[in-house]
Structure formats: C-alpha cells, structure tokens
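# Observations on the model geometry
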Amino acid sequence: MASVWSVFKFAARAAIWRPTPNPPLVGLSTLVGWTLVLALVRGVIQLLDAIPSPVFNPYGINALIAWLVIAIAVAAFFVRPGARMTFLSAMVALSVLTEVVLSGIRLGLALVLPPSPIGLVLSLFPALSAHGLTDWAEGAISISFFLAPLVSWIGGMFAIIRSVEPGAQLRLLTRVIALWAALFIAK
C-alpha cells in the first residue's frame with residue numbers, strides 16, 4: 001500500500017511539473033494495480049459519456065486492455081530497466097489523474113454551458129464575428145483544446161523522467177517528445 005501512495009504522490013508532483021528527488025522503486029504489482037485503476041477510470045468515464053442509454057459492449061473492454069498493454073510496452077523502451085517499473089507506474093498514475101481532471105472539467109462544463117463551448121467563447125467576443133474572424137477563432141480554440149493537454153502531459157512526463165533518469169534535460173525532453181510521438185503512432 002505504501003508503494004501505491006508513493007507513486008500517487010510522485011504522479012501528483014509530476015502533474016504540476018515538479019520532479020521528485022529519489023522516487024521510490026516499485027515492482028510489477030504496483031504497475032499492474034495502477035493499470036487496473038486506469039482501466040476502471042476509463043471504463044467509468046465511457047459509461048458516463050454514454051448516459052442516458054449506456055450499452056455494454058465487450059469490444060470496448062478489449063480495445064481498452066489492448067491500448068493499455070501497447071502503451072505500456074511502447075513506453076518501456078524509453079527508460080532504463082532499473083527505473084522502468086517506477087517510470088511506468090508514475091506514467092499510468094499521471095494518466096489516472098489527467099483522465100479524472102479532464103473528464104471532470106468536460107462533464108462540469110457540459111452541465112453549465114450550452115452545447116458548444118466554442119460558440120460560447122465566440123459569443124463573448126462579438127468583434128470577432130464583426131470582422132469575419134470567427135472561423136479563425138474557432139480553429140484556434142479547437143487547436144488549444146488539443147494543445148493544452150499535450151503540453152501538460154509532456155511537462156508531467158518530463159518531470160517523471162527527470163526523476164528517474166540521469167542526463168541532460170534537453171536529451172530527456174527529446175525522449176519525452178519521442179515517447180509522445182510513439183504513443184500517438186501506436187494509438
């Protein structure tokens with residue numbers, strides 16, 4: 001139980017882009033535990049997204065398990081063996097935190113805002129539509145919905161890898177960006 005809590009603290013520090021000095025080494029059981037938690041969180045999020053008429057589909061579980069295994073296998077190549085379980089456990093725990101926060105924000109906004117948050121943002125700035133900039137602004141807002149989580153993930157993973165791997169920061173940042181690209185291609 002102590003290793004689960006230590007990985008959670010490690011991931012929480014990484015979520016705010018803070019490296020953890022001397023993170024605790026954990027084993028395979030901690031990685032499996034965090035992976036099961038991530039699978040459960042993603043399953044609950046998918047269930048909430050399917051409301052009001054959720055239907056069970058076993059292919060969703062297969063896809064979720066396959067993606068988690070592939071993501072962990074790909075990420076394992078980006079860190080030395082001695083710190084691999086700690087790195088992967090922290091990566092999965094960071095994903096749990098990210099999924100919960102982003103889904104909470106998305107579901108909260110869906111309850112409060114009209115169906116199109118982009119339309120709401122654009123309605124706050126009538127000068128954009130007066131000058132014909134609504135298409136440009138809508139594109140910029142859509143891109144920011146992709147870039148903000150991406151930058152956050154890269155910052156968090158950079159904090160994790162700096163904690164477990166020695167090396168120059170630019171080299172480690174390049175490795176994190178390569179990890180993101182590899183996971184993007186794998187998905």
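### Considering the overall build of the chain
- Looking only at helices and strands, one finds eight helices and zero strands in the chain.
- For the chain, the sequential pattern of α-helices and β-strands runs α-α-α-α-α-α-α-α.
- Put simply, the chain has 187 residues, and 34% of those count as buried.
- Counting only contacts in the chain whose residues sit at least 6 apart along the sequence, the fraction spanning at least 24 positions is 70%.
- Approximately 11200 Å² of the chain is accessible, and the part contributed by carbon and sulfur atoms is 74%.

### Some words on helix α8 (residues 169-186)
- Along its 18 residues, α8 runs 25 Å from first to last C-alpha, staying within 8% of the 26 Å computed at 1.5 Å per residue.
- Turning to α8, its buried residues are Leu172, Arg175, Val176, Leu179 and Leu183. Relative to the axis of α8, the buried residues are bounded by an arc of 100° and lie together on one face. The outward face of α8, more than 90 degrees from its buried face, is lined by the exposed residues Leu170, Phe184 and Ile185.

### Comments concerning the environment of Phe158
- Structurally, Phe158 can be placed in helix α7 (residues 134-164).
- Looking at Phe158, the relative accessible area reads 13%, which means it is buried.
- Sequence spacing of Phe158 and Val176 is 18 residues, and the spatial spacing of their C-alpha atoms is 6.1 Å.
- Contacts of Phe158, omitting those with residues within four sequence positions, involve Gln169, Leu172, Leu173 and Val176.

### Some words on helix α2 (residues 28-50)
- Given a rise of 1.5 Å per residue, 23 residues ought to cover 33 Å, and the 33 Å separating the end C-alpha atoms of α2 matches this to within 8%.
- Among all positions of α2, only Thr30, Leu31, Trp34, Thr35, Leu38, Ala39, Val41, Arg42 and Ile45 are buried.

### Re the nonpolar core
- Within the largest apolar cluster, 43 residues are counted, with the highest numbers of intra-cluster contacts made by Phe87, Leu88, Met157, Ile160 and Leu179.
- Elements that contribute at least two residues to this core include exactly α1 (2-15), α2, α3 (58-76), α4 (84-112), α7 and α8.
- A per-element tally of this core places α7 first, with nine residues.
- Beyond its immediate sequence surroundings of up to four residues, Ile160 is in contact with Phe10, Ala14, Phe87, Ala90, Met91 and Leu94.

Quick notes on the rules
- Residues numbered from 1 in each chain as written.
- Predicted model: local features only at pLDDT ≥ 70, side-chain atom pairs only at ≥ 80, totals over all residues.
- Heavy atoms only, no water.
- Helix = DSSP H or I, 4+ residues; strand = E, 2+ residues; numbered from the N terminus.
- Buried < 20%, exposed > 50% of the residue type's maximum accessible area, 1.4 Å probe, protein only.
- Contact = heavy atoms within 4.5 Å.
- Areas by Shrake-Rupley, 256 points an atom, 1.4 Å probe, with all protein chains shown as cover.
- Expected span 1.5 Å × (residues − 1).
- Arc of directions from axis to C-beta.
- Core = buried A, V, L, I, M, F, W, Y, C linked by side-chain atoms within 4.5 Å.

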